[in-house]
Amino acid sequence: MKPSILQKLANLSERLDELNRLMSSEDITNDMDNYLKITREHAEITPIVEQYITYVQTEADMKEAEGMLNDPEMKEFAQEEISAGKKQLEAIETELQKLLVPKDPNDDKNIIMEIRAGTGGDESALFAGDLFRMYSRYVEKKRWKLEVLSSNESDVGGYKEIIAKIEGQGAYSKLKFESGGHRVQRVPDTETQGRIHTSACTVAILPEVEDVADVTINPADIRLDTFRASGAGGQHINKTDSAVRITHAPTGIVVECQDGRSQHQNKAQAMQVLAARVKAKEVDAQNAEIASERRNLIGSGDRSQRIRTYNYPQGRITDHRINLTLYKIDAITEGDLDELIAPLAAEHQADMLAMLGEDN
């Protein structure tokens, strides 16, 4: 284990001793806010320090066993102790790596998912529909809940844009790496000469803002327009002005919602999406400062980046961030995303741990 990480663990051990002393003081509950803060920190670092203590003790036991190697009667026992110790150290180090990586505060949140057709015309809209279906299947497998907030269907099928809310335990932690540019290569149904076309969509995964009031949005900065909701091809599906368009002047963000049953419902949903986008914009600005020093491979949040290619003729999906290629396009587009998600999460964890080791 890197010396810098071992030092961090030693510092955490000292901090836990300090917290134990604070929690045993008689007047600790006089300030309940401070008490709750201390107990929360105590709960967070206790499992890390427990693993660290076991790590130190295991190293000490191995050194003691190494001292027995010169004794013929104890050599075999010592070798067994050293071998078992090495395996235990590896297991403890793996667990410590998981515990040390800072937890993303958004991981347990629900999400707002936005899929937009990009280059490729009608084929791009169809691909947006395919992506939405893929994520919908994944949501079903996880037994989560999906609610369409807004959709703009194309005349040939699929979507020019679709926005949905996904509710489920760990939804953001599982899908946060889906943000970015998705590219498809296939022969469209309308292609008579069998040529492969390339088109693209963008996906944005935003953590839901649980309380819109948590995001500062000045009512004077937004413009609310109402209009009639309509389906594909311009056919009216509502004879009242129930659809809502909100424009946020400071950021230029525009949100439309028309899938709700009433103007009130559409306005509430639009404000929810707006809050998530404004919050994401703030976070992106903060991340840009960090990325200027060291860009995180997966967690950069750059939605213009091409992250994945779906090649139908070859039956493969390639994630360009980790150079992973799987020849399982049918299964994955049916919602079996875990084989893509797990390696991305592992790579992100390794990258975060490397950053932790560099931070002195």
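Structure: see above.
All values reported here derive from a predicted model rather than from experimental measurement.

Draft legend 1. Fine view of the overall build of the protein. Helix and strand counts for the protein stand at eight helices and 11 strands. Counting over 360 residues, the protein shows a buried share of 39%. In the protein, the proportion of contacts linking residues at least 24 apart, taken out of those at least 6 apart, comes to 61%. If you sum the accessible surface of the protein, you get close to 20,100 Å²; carbon and sulfur atoms cover 47% of it.

Draft legend 2. View of the pairing of strand β2 (residues 145–153). In this sheet, strand β3 (residues 159–167) lies alongside β2 in antiparallel orientation, the contact comprising eight bridges. Directly across from Glu 147, in β3, lies its bridge partner Lys 165. Adjacent in sequence and paired antiparallel, β2 and β3 are bridged by five residues, among which Gly 157 carries a positive phi angle near 110°.

Draft legend 3. Structural view of the packing of aromatic side chains. Counted according to the given criterion, the structure contains three aromatic pairs. Their ring planes at 70° and their centres at 5.4 Å tell us that Phe 127 and Tyr 310 sit as a pair that is edge-to-face. Remark: Tyr 310 occurs in strand β9 (residues 306–311) and Phe 127 occurs in helix α4 (residues 122–142); sequence separation between them is 183 residues. With relative accessibility at 1%, the residue Phe 127 sits in the buried group. Of the residues examined, Tyr 310 reaches a relative accessible area of 1% and is grouped as buried. Seen from their ring centres, Phe 132 and Tyr 159 are 5.8 Å apart, and the 75° between their planes marks the pair as edge-to-face. Of this pair, Phe 132 sits in helix α4 while Tyr 159 sits in strand β3; the two residues are 27 residues apart in sequence, bridging distant segments of the chain. The exposure classification of Phe 132 matches that of Tyr 159, with both residues buried.

Draft legend 4. Just the environment of Arg 321, in detail. Of note, Arg 321 is situated in the loop between β10 (316–319) and β11 (324–326). Arg 321 gets classed as buried once you look at its relative accessible area, which sits at 6%. Sequence separation between Arg 321 and Leu 344 is 23 residues; the distance between their C-alpha atoms is 8.3 Å. Here the side chain of Arg 321 touches Phe 177 through a polar contact of 2.6 Å, landing on its backbone oxygen.

Draft legend 5. Region of interest: the packing of helix α2 (residues 32–66) against helix α3 (residues 75–100). Here α2 crosses α3 at 160°, and the two axes come no closer than 9 Å. Our classification of the angle between α2 and α3 gives roughly antiparallel. The way α2 lies across α3 gives a crossing that is left-handed. Among the residues making up the contact of α2 with α3, the classes are represented as 13 nonpolar, five polar and six charged.

Draft legend 6. Inspection of the sheet that holds strand β7 (residues 243–248) at higher detail. Strand order across the open sheet formed by three strands is β6-β7-β8, with antiparallel pairing between neighbours. The outermost strands of the open sheet, each flanked by one partner alone, are β6 (222–227) and β8 (253–257). Across this sheet, the average inter-strand angle for adjacent strands is 15°, counted without regard to direction. As paired elements, β6 and β7 share six bridges and run antiparallel to each other. Across the sheet, Ile 222 pairs through a bridge with His 248, a residue of β7.

Basis of the calculations
- Residues numbered from 1 in each chain as written.
- Predicted model: local features only at pLDDT ≥ 70, side-chain atom pairs only at ≥ 80, totals over all residues.
- Heavy atoms only, no water.
- Helix = DSSP H or I, 4+ residues; strand = E, 2+ residues; numbered from the N terminus.
- Buried < 20%, exposed > 50% of the residue type's maximum accessible area, 1.4 Å probe, protein only.
- Contact = heavy atoms within 4.5 Å.
- Areas by Shrake-Rupley, 256 points an atom, 1.4 Å probe, with all protein chains shown as cover.
- Pairing = 2+ DSSP bridges.
- Phe/Tyr/Trp six-rings, centres within 6.5 Å; stacked < 30°, edge-to-face > 60°.
- Polar contact = N/O pair within 3.5 Å; in protein donor to acceptor, adjacent residues only side chain to side chain.
- Axes fitted to C-alpha atoms, helices over the stretch in contact; angles between N-to-C directions.
- Parallel < 35°, antiparallel > 145°, perpendicular 65-115°, else oblique.
- Left-handed = near helix turned anticlockwise from the far one by under 90°.
- Nonpolar A, V, L, I, M, F, W, Y, C, P; charged D, E, K, R; others polar.

All quantities given are derived from atomic positions and should not be read as evidence of function.
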